[in-house]
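# Architecture and fold: a report
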Amino acid sequence: MIKVVLVDDQTLVRQGVKSLLSLAESIEVVAEASDGQHAIELIPTIKPDVVLMDMRMPVKSGLEAIQALAALKALPPTIILTTFDD
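Anyway, here's the lowdown on the structure attached to this text. Each chain has its residues counted from 1, running along the sequence as written. With pLDDT at 70 or above as the cut-off, local features in this predicted model cover only qualifying residues; side-chain atom pairs require 80 or more to be listed or tallied, and sums for whole chains, interfaces and linings still use all residues. Side-chain metrics rest on all non-hydrogen atoms present in the structure, leaving aside hydrogens and water.

## Side note on the pairing of strand 1 (residues 2–7)
- Bridging between strand 1 and strand 2 (residues 27–33) involves 6 bridges; their strand directions are parallel. The partner of Lys3 across the bridge, within strand 2, is Glu28.
- With strands facing away from the observer, any crossover in which the path from the first strand over the helix to the second runs clockwise is taken as right-handed. A run of H or I in DSSP counts as a helix once it spans at least four residues, and a run of E counts as a strand once it spans at least two, with each numbered from the N terminus. With helix 1 (residues 11–21) bridging strand 1 and the parallel strand 2, this β-α-β connection has right-handed handedness.
- Bridge count for strand 1 against strand 3 (residues 50–53) is 4 bridges, and the pairing is parallel. Residue Val5 lies in a different strand from strand 3, and its bridge partner there is Val51. Strands qualify as paired when DSSP identifies two bridges or more between them.

## Examining the pattern of salt bridges
- Take a side-chain nitrogen of Lys or Arg and a carboxyl oxygen of Asp or Glu: if they are within 4 Å of each other, that pair is a salt bridge. All told, the structure shown has 2 salt bridges when counted by the stated rule.
- Its salt-bridge partner being Arg14, residue Glu32 comes within 3.0 Å of it at the nearest N-O pair. You can see Glu32 sitting in strand 2 and its partner Arg14 sitting in helix 1, a full 18 residues away along the chain.
- Throughout, exposure labels follow a simple rule: accessible area from a 1.4 Å probe, protein chains only, divided by the maximum for the residue type, with under 20% read as buried, over 50% as exposed, and the rest as partly exposed. What makes Arg14 buried here is its relative accessible area of 11%.
- A salt bridge links Glu32 to Lys18; the shortest N-O distance between them is 3.4 Å. In this pair, Glu32 sits in strand 2 while Lys18 sits in helix 1, placing the two residues 14 residues apart along the sequence.
- With relative accessibility at 27%, the residue Glu32 sits in the partly exposed group.

This is the structure we're talking about:
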């Protein structure tokens, strides 16, 4: 089973991605975070196999969260999912 943590400030996006991932029997969303700071607190405890991370979030951005987790030696493989207006 592949354990995934979703990090995105938009609840609807997290729900949509979680719904899509639930179609795969070998993937389990084990936790969700709504900002980078929450991700920094959650990920070292959960120890997921992979993180799906938004970049533009309140409190701490995805980039700040990635840098902090790397400094803690607690950064799992991370896929960046984000949108920009331009």
